[in-house]
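# Fold and contact review
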Amino acid sequence: MKNKPVVWIDSREKENSHVTEYFDSKPIDHFTSKLPYGDYMSLDNARVIVERKCGILEMVSTLGKDHERFKKELKEATKYGIHLIILIEEEGYFCIEDIKSWCNPYRKKNPRSMSGETAYKILNSYTQYYNVEIQFTCKGDAGQRILELLNIH
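Residues numbered from 1 in each chain as written. Predicted model: local features only at pLDDT ≥ 70, side-chain atom pairs only at ≥ 80, totals over all residues. Heavy atoms only, no water.

## Some details on the packing of aromatic side chains
If you walk through the whole model with that rule in mind, you get five aromatic pairs. Measuring from ring centre to ring centre gives 5.6 Å for Trp8 and Phe31, while their planes differ by 25°; the resulting arrangement is stacked. Of the two residues, Trp8 sits in strand E1 (residues 6-9) while Phe31 sits in strand E2 (residues 29-32), which places them 23 residues apart along the sequence. Looking at Phe31, the relative accessible area reads 32%, which means it is partly exposed. Through a chain of ring-to-ring contacts, three or more aromatic side chains come together here, namely Phe70, Tyr126 and Tyr130. When the ring centre of Tyr120 is taken as origin, the NZ or CZ atom of Lys100, which lies over that ring, is 4.6 Å away. (Phe/Tyr/Trp six-rings, centres within 6.5 Å; stacked < 30°, edge-to-face > 60°. Helix = DSSP H or I, 4+ residues; strand = E, 2+ residues; numbered from the N terminus. Buried < 20%, exposed > 50% of the residue type's maximum accessible area, 1.4 Å probe, protein only. Lys NZ or Arg CZ within 6 Å of the ring centre and 35° of its normal.)

Structural data, given as structure tokens:
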């Protein structure tokens with residue numbers, strides 16, 4: 001008899017009940033503890049890790065105020081041969097180029113807020129220099145998409 005797949009969830013991952021409820025509806029075990037990189041990892045393959053963002057706005061926040069920390073994380077993950085997949089929950093976005101047209105809601109108050117074009121350039125550079133892939137999903141499909149990306153069937 002084959003063991004159930006096990007997903008390790010980072011303890012800093014917040015607002016993910018829609019993901020864990022999906023895991024609970026499948027024969028998937030999961031536990032929560034601090035991960036060195038990302039948010040979700042299969043115990044069967046520690047070389048692929050998913051970093052979930054609950055929208056482009058959260059991703060832009062990471063690229064702004066947390067940029068140095070995040071870049072350091074990407075460098076370390078690459079150094080250890082980890083393929084990091086950034087999964088952004090955002091309706092109507094399907095590929096990294098779609099971010100160019102994203103309108104930051106804070107640009108009205110602060111024109112220096114990051115634009116979609118700038119976010120695209122940063123993320124595109126990450127895909128070129130680090131072992132990073134950018135994927136999109138809607139919130140309702142996030143649990144299923146994470147399992148697919150971790151190659152859990």
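Still more to cover.
## Here's the deal with the environment of Leu74
The residue Leu74 is located in helix H3 (residues 67-79) in this model. Separated by 31 residues in the primary sequence, Leu74 and Leu43 have C-alpha atoms spaced 20 Å apart. Not counting residues within four places of it along the chain, the set of residues in contact with Leu74 comprises Leu84, Tyr126, Tyr130 and Val132. (Contact = heavy atoms within 4.5 Å.)

## A short note on the sheet that holds E2
Taken together, six strands build an open sheet; the order of strands is E2-E1-E3-E4-E5-E6 and the sheet is mixed. Edge positions in the open sheet fall to E2 and strand E6 (132-137), since each of these has one partner strand only. On average, each strand axis in the sheet is tilted by 25° relative to the strand beside it, whichever way the strands run. Strand direction decides the pairing type here: strand E5 (residues 83-89) and E6, joined by six bridges, are parallel. (Pairing = 2+ DSSP bridges. Axes fitted to C-alpha atoms, helices over the stretch in contact; angles between N-to-C directions.)

## Quick notes on the pattern of salt bridges
The final tally for this structure, using the stated rule, is eight salt bridges. A salt bridge links Lys4 to Asp29; its shortest N-O distance comes to 3.2 Å. Placement of Lys4 in the segment before E1 and of Asp29 in strand E2 is noted, with a sequence separation of 25 residues between them. Relative accessible area serves as the criterion here: at 45%, Lys4 is assigned to the partly exposed category. We note a salt bridge from Glu73 to Arg69, for which the minimum N-O separation is 3.0 Å. Of the two residues, Glu73 and Arg69 both sit in helix H3, four residues apart, roughly one turn of that helix. Relative accessible area serves as the criterion here: at 16%, Glu73 is assigned to the buried category. Salt bridges linked by common partners bring Glu13, Arg52 and Glu89 together as one network. (Salt bridge = Lys/Arg side-chain N within 4 Å of Asp/Glu carboxyl O.)

## Some remarks on unusual backbone geometry
One non-glycine residue, Glu15, adopts positive backbone phi at about 50°. Note on placement: Glu15 falls in the loop between E1 and helix H1 (17-24). With a phi angle near 60°, Asn151 is a residue other than glycine that sits in the positive phi range. Inspection of the secondary structure puts Asn151 in the segment after helix H5 (142-149). The class of Asn151 is exposed, set by a relative accessible area of 56%.

## Re the packing of helix H2 (residues 56-64) against helix H4 (residues 116-129)
Here H2 crosses H4 at 75°, and the two axes come no closer than 11 Å. If you check the angle between H2 and H4, you find them roughly perpendicular. Contacts between H2 and H4 involve Met59, Val60 and Leu63 from the first element and Ala119, Ile122, Leu123 and Tyr126 from the second. Within the contact of H2 with H4, the residues separate by chemical class into seven nonpolar, no polar and no charged. (Parallel < 35°, antiparallel > 145°, perpendicular 65-115°, else oblique. Nonpolar A, V, L, I, M, F, W, Y, C, P; charged D, E, K, R; others polar.)

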